[in-house]
Amino acid sequence: MVLADAKVGTRNEAGIAAVLGVLKQAFGERLQTGESFRAQHAHTTTYIPPQLPDGVVFAETSEDVQAVVKACAEHKVPVTPFGTGSSLEGQVNAPQGGISIDFSRMNRVLEVNAEDLDCTVEPGVTREQLNIYLRDTGLFFPIDPGANASIGGMASTRASGTNAVRYGTMKDNVLALTVVTADGKEIRTARRARKSSAGYDLTRLFVGAEGTLGVLTSITLRLQGIPQKIAGGACAFPDIKAACDAVIMTIQMGIPVARIELLDAVQMRASNSYSGLTYDEKPTLFLEFHGTEETVALQSEQFAGIAAECGGGEFLWTDNAEERNKLWKARHDAYWACRALAPGLAALSTDVCVPISRLAECVAETQADIEAHGLLAPIVGHAGDGNFHVLVLFDDKTPEGIAVVEDFVARLNARALAMDGTCTGEHGIGQGKMAFLEQELGNAVDVMRQVKEALDPDAIFNPGKIFRPH
C-alpha cells in the first residue's frame, strides 16, 4: 500500500545532468553530489526507503533559491525543499531524483515587531533557535511539534504539537509568506495586518502544501507574550475512556488549558524507563496551564475536580520550572522511549484526528485492534484537539511484517474517517498517506490536482507527494 505509492518515478536524466552542470558553475562547493550528502537529504523517520536527490544546494539567500528553481524549471528537473528532515511521511524523498535545497544556512531572524507581536524569519530557522532569540523580548513562538523542526518545514506540513489546543496550528500562526514560484519569481502572499479580505488566501494555500506548489523563502509569524505563570502536572486514570472523558469535560467547560497530552499505559511504561519518571503505568494526562498566579492555580484546581469526577487519581501539579521541564522533556522523548522498548524493531509513527467527542471511542477501538493483532504500539495524543499518534514497532525485514503494520494503519485511518475525522492531524500526506487522502476528500482531491497543475505545470516541486503518481 504505502510502499507501492512510494515507487520511484520517471527520471529526466538529460535534464538532471544539465542542471547539475549549471548549478556547479553557479554554486561551486555549495552544490554537493556525494552519496553521503544526498543520503542525509533523503532520510525518513519511517520505514519508507530513502530516495536520494542527485544534488544538494546549500542556499544562503532568496536569490539562490530563485536561481535553483529557474534552472530546474528550464530543464524540467524536480526540486525538493529540505529543512531538518524531521518529517514523518517521506516528504523529503526524491522519487524522481533532482535537486534538494538545504535551508540550514538560511537561518536568520529577519525582523521582530514586538509591539505588533510578530516576526519574520528565513525558512531554516528552527523553533528552538527562534525562541532563544526572542527570549529577551518577553515573547515566544508557541507551536511545538516536539522535534526541533525548521519553521519552513513546520509551515509546509501545517505542523502543530502540544500547545495547539490553546495557540492553534501553523495555519493559525503564519501571517504571510514569500514564495518562489515555478517561473523562478518570488511573490509575497500577504502583509503583516492581522486580518485581510484582499483576494484569495494564498498564505494558507502554501501552508500545508508540503513544498508541492512553491518554495518558501520567508515566513511571518504571530508571537505570544511569555505567560506570567506556568504550572503543569500529571494525573493517572483507570482506563483510556476515563482519561478522555476528563479531556472532553475540560475543553467543554472552557478551561483555557495550554497543553493536555494523553499517554497510554504502554507509553507510560516506556517513558518511566527511558526518562527516569516514577508515575503509575496507567493512562495518564500531562497538562500545562498559562496565565497569572491566580488563574493558573484556579485552572489547576478546576481540573483536579474534573479528574476526580472521572475517576482519576490525584492531580500532581507544580509551578517549578525544573520539574515541569522534566515532564515535557519526557513527553518530547516519547518516540525514543518507544524505540527503547524493542531496539531490534523498526518503528512507524502515524497519526489521526477525530472530533473530540469521538476521541475516547477511537482510542479505545484502536487499543483493542492493537491487542487483537498482537502489536506493540504505544499511543500518545494531543488530546485537547482530538489528535493522537500510534508508534507501531514491527519487523521491517519481511513482507509479512510490513503487511501487518500497513493493514493496521489502513484500519486506523478507516476508523478515524468513519468518525468524520482526518487521516492526519499534523504529520501531513507525503508519500505515506496518499491513499487515505483520496478516501477522506474524494473529488476534492481533483481540485487540488488542478491547483497543482496551474501553479506547477511541469510538476517540478516535490513530485510524488500528496497525490498518487499517475
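Just so you know, these numbers come straight off a predicted model, no measurement behind them.

Q: Honestly, the sheet that holds strand 12 (residues 229-236) in this entry has me stumped. Any pointers?
A: Within a sheet, neighbouring strands are paired by backbone hydrogen bonds and run either parallel or antiparallel to one another. Strands sit in the order 15-12-14-13-17-18-16 across an open sheet of seven strands; the sheet is antiparallel. Each having just a single partner strand, strand 15 (316-318) and strand 16 (346-353) make up the two edges of the open sheet. With direction set aside, neighbouring strand axes in the sheet form an average angle of 15°. Helix 12 (residues 293-309) rests against strand 12, strand 13 (257-263), strand 14 (284-291) and strand 15 of the sheet, and its axis sits at about 155° to strand 14.

Q: Help me understand the side chain of Ser87, please; the structure alone is not making it clear to me.
A: For Ser87, the position within the fold is in the loop between strand 3 (79-82) and strand 4 (99-102). Ser87 has contacts with Thr45 and Val92, leaving out every residue within four places of it along the chain.

Q: For this particular structure, what's the right way to read the packing of helix 15 (residues 359-372) against helix 16 (residues 399-418)?
A: In a packed pair of helices, the relevant descriptors are the angle between the two axes and the axis-to-axis distance. Orientation of helix 15 relative to helix 16, taken along the N-to-C sense of each, is 160°, at an axis distance of 11 Å. The pairing of helix 15 with helix 16 is recorded here as roughly antiparallel in orientation. Crossing angle aside, the handedness with which helix 15 passes helix 16 is right-handed. Each of Cys362, Glu365, Thr366, Asp369 and Ile370 in helix 15 lies in contact with helix 16, whose residues at this interface are Phe408, Arg411, Leu412, Arg415 and Ala416. Among the residues forming the contact of helix 15 with helix 16, the class breakdown is five nonpolar, one polar and four charged.

Q: Got a minute to help me understand helix 11 (residues 265-275) in this structure?
A: Side chains of residues three or four places apart in an α-helix project in the same direction, reflecting 3.6 residues per turn. Those residues of helix 11 not exposed but buried are Gln267, Met268, Ala270, Ser271, Asn272 and Ser275. Looking at the buried side of helix 11, the elements it contacts are strand 13, strand 14, helix 13 (321-332), helix 14 (334-341) and strand 17 (379-382). Regarding helix 11, its N-cap is Asp264, as a side-chain oxygen of that residue lies 3.3 Å from the backbone nitrogen of Val266 further along. Once helix 11 ends, the next one or two residues include Gly276, with phi positive near 70°.

Conventions used here
- Residues numbered from 1 in each chain as written.
- Predicted model: local features only at pLDDT ≥ 70, side-chain atom pairs only at ≥ 80, totals over all residues.
- Heavy atoms only, no water.
- Pairing = 2+ DSSP bridges.
- Helix = DSSP H or I, 4+ residues; strand = E, 2+ residues; numbered from the N terminus.
- Axes fitted to C-alpha atoms, helices over the stretch in contact; angles between N-to-C directions.
- Contact = heavy atoms within 4.5 Å.
- Parallel < 35°, antiparallel > 145°, perpendicular 65-115°, else oblique.
- Left-handed = near helix turned anticlockwise from the far one by under 90°.
- Nonpolar A, V, L, I, M, F, W, Y, C, P; charged D, E, K, R; others polar.
- Buried < 20%, exposed > 50% of the residue type's maximum accessible area, 1.4 Å probe, protein only.
- Polar contact = N/O pair within 3.5 Å; in protein donor to acceptor, adjacent residues only side chain to side chain.

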